[in-house]
Amino acid sequence: MSPTAEPALGNRRATYREVLAEPRFRLLFWTRAVAITADALRITTFSVLVFAATGSALLSAVAFGIGFIPQLFGSLLLGSLADRLPPRALITGGYALTCAAALLLALVRMPIAASLGVVALVSLATPVFHGASSRLVAQSLEGDAYVLGRSLNNIAGAGAQLFGLALGGAAVAALGPRRALAVSAVLYLGCALAVRVRLPRLRAGQFGDTSGGAGGGGGAVRASLHGAGVLLRGRTVRRLLLAQWLPPAFVTGAEGLIVAYAGERHFAPGGYAVLMGCLPVGMLVGDLLVGRLLRPRARERLTVPLVALAGLPLIGFAAEPGVVVSSGLLLLSGLGYAYNLGLQRPFLDALPQDGQGHAFGLLGSGSMTLQGVGPVCLGSVAAGIGTGGAIALAGGAVALTAGWILTWHPATSPTPVPNHPTGSENDIEQHACDSPAR
């Protein structure tokens with residue numbers, strides 16, 4: 001597409017049908033949905049297995065979150081591989097690795113520390129194949145189709161996670177935790193085989209530079225650290241990363257207090273489950289409405305109001321409302337998550353061409369890490385001010401983040417500048433200078 005054609009097509013609204021018509025995206029979309037189901041099944045089942053073996057709530061919680069925090073280190077140390085190696089091999093290898101880990105946990109009775117170590121080691125590689133998959137999606141879809149592709153992934157991810165949690169409970173009850181882990185291994189294996197058979201083997205020229213990129217002739221670790229430094233030193237990329245990391249981290253921290261909040265208010269049995277379901281339902285509805293009904297520039301103009309919508313309803317928890325009002329507040333907060341769609345095009349435009357996979361891996365791993373840290377931090381705060389006050393504090397933090405984004409986020413995405421192969425800091429900063437301040 002020529003640069004002169006971009007402004008004319010920049011506000012064209014794509015459709016979900018167009019997005020799903022792209023064969024590579026359709027394959028990655030369905031395998032990702034199955035893999036997220038397997039993730040939720042594996043995480044919950046492993047947590048149950050650890051609790052059954054130790055009787056320790058702390059170790060059970062560690063088992064639940066052990067796969068999150070190491071991802072940031074994996075992105076920093078190995079993230080450049082997402083741009084250096086062919087995507088089919090990386091994505092297939094990633095699913096095969098998680099399959100092997102789940103099968104190992106299911107079949108081998110290891111010490112708890114060793115089991116936790118297996119999950120942590122596998123999670124180090126997660127940002128690499130996720131980054132390769134995200135980069136391939138960005139290269140397969142253009143313009144608004146890319147944004148709707150991200151929207152579809154968000155919708156499918158939320159639905160698959162809920163289904164995986166339900167499947168985990170049913171599988172543990174019917175089969176026991178070890179056989180349930182074997183079920184997750186089978187799902188991962190299916191994803192690996194589907195990608196290996198259906199995804200074309202792309203040559204280096206079809207996917208991007210695989211010679212080492214920013215790392216020159218150095219190893220993967222040196223190239224990854226250098227690439228992460230370049231991305232984080234670039235003001236535009238750094239701001240856009242933080243804007244996609246912080247609101248979910250605060251809201252997830254509030255979500256982690258819902259069970260305790262329901263218990264303190266003596267809600268009826270099952271009341272906490274109603275509250276827990278409201279946030280993901282709001283996310284699904286918000287993504288569908290904003291993705292399907294609004295044009296690209298309208299989504300970008302609504303970024304700040306939607307961030308504020310994600311936070312302001314949570315402030316209402318300071319009044320310690322009942323089930324009905326609390327459900328409404330959480331539903332409204334979930335709707336605000338659609339703000340992310342307004343940042344997808346500016347984020348992609350700001351990335352250097354030879355660092356997209358690394359950047360997507362960093363985006364996902366940073367988000368997962370902060371969402372793992374958020375509940376711990378707010379749980380500590382809740383011990384002093386109560387759960388309602390801590391949830392309200394999280395909402396206020398999201399609202400402050402919206403104010404910060406307002407100071408720099410342009411009303412609409414600027415016309416994309418060509419991505420320079422060097423991916424230098426100067427290239428990124430030049431793009432920042434080209435972006436009008438709001």
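Residue positions are counted from 1 within each chain, in the order its sequence is given. Given that this is a predicted model, residues contribute local features only at a pLDDT of at least 70 and side-chain atom pairs are listed and counted only at 80 or more, while totals for whole chains, interfaces and linings are drawn from all residues. Hydrogens are left out, water is left out, and the side-chain values use all remaining heavy atoms of the structure.

Elements are defined by DSSP. Helices are runs of H or I of four residues or more, strands are runs of E of two residues or more, and each kind is numbered from the N terminus. Secondary structure assignment for the protein chain yields 22 helices and 0 strands. Looking at the 438 residues of the protein chain, the share that counts as buried comes to 51%. Throughout, the Shrake-Rupley method with a 1.4 Å probe supplies accessible areas, and for residues the shown protein chains are the sole cover considered. Summing over all exposed atoms, the protein chain offers an accessible surface of approximately 18,400 Å²; the carbon and sulfur share of this is 67%. Only protein chains enter the accessibility calculation, which uses a 1.4 Å probe; a residue is then buried when its area is under 20% of its type maximum, exposed when over 50%, and partly exposed in between.

The predictor's confidence in any single residue is recorded as pLDDT, a number from 0 to 100. Confidence in the prediction for the protein chain averages 81 pLDDT; 84% of positions are at 70 or higher. Considering each helix and strand of the protein chain separately, the mean pLDDT is smallest for helix α22 (residues 425-434), with a value of 38, and largest for helix α17 (residues 303-315), with 96. Contacts are residue-level and defined by heavy atoms, with any inter-residue pair within 4.5 Å sufficient. Contacts for the low-pLDDT stretch residues 208-218, under 50 throughout, to residues beyond four places or in other chains number 17 contacts. This stretch, residues 413-438, has a pLDDT under 50; its non-local contacts, to residues over four places away or in other chains, come to 58 contacts.

This brings us to the side chain of S133. Relative to the elements of secondary structure, S133 occurs in helix α8 (residues 112-140). Given the relative accessible area of 15%, S133 is considered buried. When sequence neighbours within four positions are dropped, the list of residues in contact with S133 reads L28 and I91.

A few words now on the state of the cysteines. A pair of cysteine sulfur atoms is labelled a disulfide when the two atoms are within 2.5 Å. In total, this model carries 0 disulfides according to the counting rule given. Residue C99 stays outside any disulfide, its sulfur separated by 9.8 Å from that of C191, the closest cysteine. Judged by relative accessible area, which is 11%, C99 ranks as buried.

Let us look at the packing of helix α7 (residues 87-107) against α8. Orientation of α7 relative to α8, taken along the N-to-C sense of each, is 155°, at an axis distance of 9 Å. Judged by the inter-axis angle, α7 sits roughly antiparallel to α8. For the crossing formed where α7 meets α8, the hand is left-handed. For the pair α7 and α8, contact is made by P87, L90, I91, G94, Y95, L97, T98, A101, L104 and L105 and by S115, V118, V119, V122, A125, V128, F129, A132, S133 and L136, respectively. Here the residues of the contact of α7 with α8 are counted per class, giving 16 nonpolar, 4 polar and no charged. Axes, fitted as lines to C-alpha atoms, cover a helix only where it is in contact. Angles between the N-to-C directions of the axes lie from 0 to 180 degrees. In these notes the angle categories are as follows: under 35 degrees is roughly parallel, over 145 is roughly antiparallel, 65 to 115 is roughly perpendicular, and the rest is oblique. Left-handed is the label given to a crossing in which the near helix is rotated counterclockwise from the far helix by less than a right angle, and right-handed is the label when the rotation is clockwise. For this classification, Asp, Glu, Lys and Arg are treated as charged, while Ala, Val, Leu, Ile, Met, Phe, Trp, Tyr, Cys and Pro are nonpolar and the rest, including Gly, are polar.

To continue, consider unusual backbone geometry. Glycine aside, the phi torsion of most residues is negative, and most peptide linkages are trans. A positive phi angle is found at H266, which is not glycine, with a value near 60°. Position of H266 among the secondary structure elements: in the loop between α14 (258-264) and α15 (271-293). Overall, H266 belongs to the exposed group, its relative accessible area being 70%. Positive phi, normally seen in glycine, also occurs at E320, with a value near 55°. Looking at where E320 falls in the secondary structure, it is placed in the loop between α17 and α18 (323-335).

With that settled, consider the pattern of salt bridges. Salt bridge, as used here, is a side-chain nitrogen of Lys or Arg placed within 4 Å of a carboxyl oxygen of Asp or Glu. Counted according to the given criterion, the structure contains 6 salt bridges. Of the charged contacts in the structure, one is a salt bridge between E264 and R265, with a shortest N-O distance of 3.7 Å. For E264, a relative accessible area of 40% corresponds to the partly exposed category. By relative accessible area, R265 is classed as partly exposed at 24%. Among the ionic pairs, R345 bridges to E300, the shortest N-O distance being 2.9 Å. Remark: E300 occurs in helix α16 (residues 296-301) and R345 occurs in helix α19 (residues 341-350); sequence separation between them is 45 residues. The class for R345 is buried, based on a relative accessible area of 11%. We classify E300 as buried; its relative accessible area is 3%.

What sets the pattern is the α-helix's 3.6 residues per turn: residues three or four places apart point alike. One fewer than the residue count of a helix, multiplied by 1.5 Å, yields its expected span. Taking 1.5 Å of rise per residue, the 20 residues of helix α21 (residues 387-406) would be expected to cover 28 Å, and the 29 Å separating its terminal C-alpha atoms lies within 8% of that figure. Buried residues belonging to α21 abut α13 (235-255), α14, α17 and α20 (356-385).

Looking now at the packing of aromatic side chains. Under the pairing criterion, centres of Phe, Tyr and Trp rings, with the six-membered ring standing for Trp, must be within 6.5 Å; the plane angle then separates stacked pairs below 30 degrees from edge-to-face pairs above 60, leaving the rest tilted. Counted according to the given criterion, the structure contains 7 aromatic pairs. An angle of 65° between the planes, with centres 6.1 Å apart, marks the rings of F347 and F360 as edge-to-face. Here the residue F347 occupies a position in helix α19, and F360 occupies one in helix α20, the gap between them amounting to 13 residues. Grouping residues by exposure puts F347 and F360 together as buried. When the ring of W404 is compared with that of W408, the centres are 5.5 Å apart and the planes differ by 65°; the resulting orientation is edge-to-face. Every member of this aromatic cluster is reached through a ring pair, and the members are F25, F29 and W30.

Each patch is assembled from residues with relative accessible area greater than 30% and no salt bridge, linking like charges that lie within 9 Å and nonpolar side chains (Val, Leu, Ile, Met, Phe, Trp, Tyr) that lie within 5 Å. A contiguous nonpolar surface patch, about 480 Å² in accessible area, is contributed by I69, F73, L77, V221, L225 and V373. Elements with a contribution of two residues or more to the nonpolar patch: α5 (70-78) and α12 (220-233).

Quick look at the packing of α5 against α20 now. Two numbers describe how α5 lies on α20: the axes approach to 7 Å, and their chain directions differ by 160°. By the angle between their axes, α5 is roughly antiparallel relative to α20. Crossing handedness for the pair α5 and α20: left-handed. Facing α5, whose interface residues are Q71, L72, S75 and L76, α20 presents H358, G361, L362, S365, G366, M368 and T369. Of the residues in the contact of α5 with α20, the class split is 4 nonpolar, 7 polar and no charged.

With that settled, consider the nonpolar core. For our purposes a nonpolar core is just a set of buried Ala, Val, Leu, Ile, Met, Phe, Trp, Tyr and Cys residues, chained together by side-chain atoms within 4.5 Å. If you look at the biggest cluster of nonpolar residues, it comprises 81 residues, and the most contacted ones within it are Y95, Y146 and F347. Apart from the residues lying within four places of it in its own chain, the contact partners of Y95 are T31, R32, A35, F129, Y188, C191, A192 and V195. In terms of nonpolar packing, the next biggest core, distinct from the first, is built from 9 residues, L105, L116, V119 and L181 among them.

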